Amino acid sequence: MIDWSTLHDVYGAAAAIPGLLERAADRDQDAIDRLWGRLCHQGTISSASIAALPQLADIAETTASGDWALDLAGAIAGGLLQDHHGADEEVARQEPTLARLRDLATARLAPGQDSRTYLGLLQAILAFDRQPLWFETLDDFTDSFYTVACPHCRAAVTIAIGDYGCYSSIRDWDLGDVHRIPLRPATADALTGVGRMLHELAERDEQTRLAWGLTHLFGRAECPGCGSVFGIASEYEAANAPWDFARRHTTDTP
């Protein structure tokens, strides 16, 4: 049993949370709105947010209209990816619940879903999987730009994936993206790790735009400065992952 009197939500004491969860399970919209405000206000989470995850999973699993509970749990999991919540032990105890929520989100994926709903479910899966970089990065590839450092000459290379094209370039703030070189998308069987997982789901569910973008994001690019070829996702990870990972990243330089 949870002693809610010892916990706090975004606004203060969390004593009201159990009652709100009970009402929200019956699709009380006012209670749902208040839970969003108190448990995940603009991405801010609290001890009550973490404690509410098992009950949110119960609602999402047992209630036909429980999509809101899965959405809220996904937003809370996204907040947990921030390294300043100071609740590592509490989060560790929630790992079985996060795995359960991941399974629930995966089960909700289906062919024919609109791209926004589908993308939201994939982002929730990444949050439940503890994948902060790709949770933040994944989008619909309509107009996506990434900056990576060439691992050989260290030039800042702009990667474009979307309606403007799929290319690497050196960005000039007066002239725009100059010296554009087409990206080299990965084949499906060459994908590994999170890229493979996301691509397989998108392909399975006929999310063709998303699958197309993933092959480019997890493909290779040529540096316009020195002509070397490198993996886009691996260099993006090296630049944006936590310090201890980035410190271990090596290049061909002796």
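From a predicted model like this one, the values you see are computed outputs, not experimental measurements.

Some details on the overall build of the protein chain
Moving on, step 1. Within the protein chain, the secondary structure is distributed over 13 helices and eight strands.
Moving on, step 2. Its C-alpha atoms put the protein chain at 60 × 40 × 35 Å along the principal axes.
Moving on, step 3. Counting the 254 residues in the protein chain, one finds 44% classified as buried.
Moving on, step 4. Residue pairs at least 24 apart in sequence account for 56% of intrachain contacts in the protein chain once pairs closer than 6 positions are excluded.
Moving on, step 5. Accessible area of the protein chain: about 13000 Å², with a carbon and sulfur share of 50%.

Structural notes on the packing of helix 4 (residues 53-62) against helix 5 (residues 67-80)
Moving on, step 1. In the contact formed by helix 4 and helix 5, the axes pass within 8 Å of each other and the chain directions differ by 150 degrees. Classified by the interaxial angle, the pair formed by helix 4 and helix 5 is roughly antiparallel. The two elements helix 4 and helix 5 meet at a crossing, and its hand is left-handed. Within the contact between the two elements, helix 4 uses L53, L56, I59 and A60 and helix 5 uses W68, A69, L70, L72, A73, I76 and L80.

What about the sheet that holds strand 4 (residues 156-162)?
Moving on, step 1. Pairing is antiparallel in the open sheet, where four strands are placed in the order 3-4-5-6. Single-partner strands in this sheet number two, and they are strand 3 (143-149) and strand 6 (176-182). Across the sheet, the mean angle separating the axes of adjacent strands is 30 degrees when strand polarity is ignored.
Moving on, step 2. In terms of strand pairing, strand 5 (residues 165-172) meets strand 6 through five bridges, oriented antiparallel. Bridge pairing in strand 6 places R171 opposite D177.
Moving on, step 3. Across the sheet, helix 12 (residues 232-240) touches strand 3 and strand 4, and the angle it forms with strand 3 is around 70 degrees.

Quick notes on the pattern of salt bridges
Moving on, step 1. A full pass over the atoms with the stated rule returns 13 salt bridges.
Moving on, step 2. Residues D177 and R171 are paired through a salt bridge, measuring 2.7 Å at the closest nitrogen-oxygen approach.
Moving on, step 3. Under the relative-accessibility criterion, D177 is labelled buried at 12%.
Moving on, step 4. Residue E200 is joined to R196 by a salt bridge in which the shortest nitrogen-to-oxygen separation is 3.2 Å. Here the residue E200 and the residue R196 both occupy positions in helix 10 (residues 193-204), the gap between them amounting to four residues, near one helical turn.
Moving on, step 5. Three or more residues are tied together by salt bridges with common partners; here these are R23, D28, D30 and R34.

Notes on the packing of aromatic side chains
Moving on, step 1. Per the stated rule, a full pass over the model turns up four aromatic pairs.
Moving on, step 2. Their ring planes at 80 degrees and their centres at 5.4 Å tell us that Y146 and Y236 sit as a pair that is edge-to-face. Taken together, the residues span a long stretch of sequence, with Y146 in strand 3 and Y236 in helix 12 at a distance of 90 residues.
Moving on, step 3. For Y146, a relative accessible area of 5% translates into the label buried.
Moving on, step 4. Between the NZ or CZ atom of R171 and the centre of the ring of F145, over which it lies, the distance is 5.0 Å.

What about helix 10?
Moving on, step 1. Compared with the 16 Å implied by 1.5 Å per residue over twelve residues, the 17 Å span of helix 10 between its first and last C-alpha is a close match.
Moving on, step 2. Where helix 10 is concerned, the buried positions are V194, G195, M197, L198, H199, L201 and A202.
Moving on, step 3. Among the structural elements, helix 7 (95-108), helix 8 (115-128), helix 9 (132-137) and helix 11 (208-217) are those in contact with the buried residues of helix 10.

Some words on the pairing of strand 3
Moving on, step 1. The alternating pattern of strand 3 places S144, Y146 and V148 on a buried face and D143, F145, T147 and A149 on a face that is not buried.
Moving on, step 2. One ladder, built from seven bridges, connects strand 3 with strand 4; its direction is antiparallel. Of the residues in strand 4, the one forming a bridge with S144 is I161.
Moving on, step 3. The loop that links strand 3 with its antiparallel partner strand 4 comprises six residues; one of these, R154, has a positive phi angle of about 70 degrees.

Rules used throughout
- Residues numbered from 1 in each chain as written.
- Predicted model: local features only at pLDDT ≥ 70, side-chain atom pairs only at ≥ 80, totals over all residues.
- Heavy atoms only, no water.
- Helix = DSSP H or I, 4+ residues; strand = E, 2+ residues; numbered from the N terminus.
- Buried < 20%, exposed > 50% of the residue type's maximum accessible area, 1.4 Å probe, protein only.
- Contact = heavy atoms within 4.5 Å.
- Areas by Shrake-Rupley, 256 points an atom, 1.4 Å probe, with all protein chains shown as cover.
- Axes fitted to C-alpha atoms, helices over the stretch in contact; angles between N-to-C directions.
- Parallel < 35°, antiparallel > 145°, perpendicular 65-115°, else oblique.
- Left-handed = near helix turned anticlockwise from the far one by under 90°.
- Pairing = 2+ DSSP bridges.
- Salt bridge = Lys/Arg side-chain N within 4 Å of Asp/Glu carboxyl O.
- Phe/Tyr/Trp six-rings, centres within 6.5 Å; stacked < 30°, edge-to-face > 60°.
- Lys NZ or Arg CZ within 6 Å of the ring centre and 35° of its normal.
- Expected span 1.5 Å × (residues − 1).

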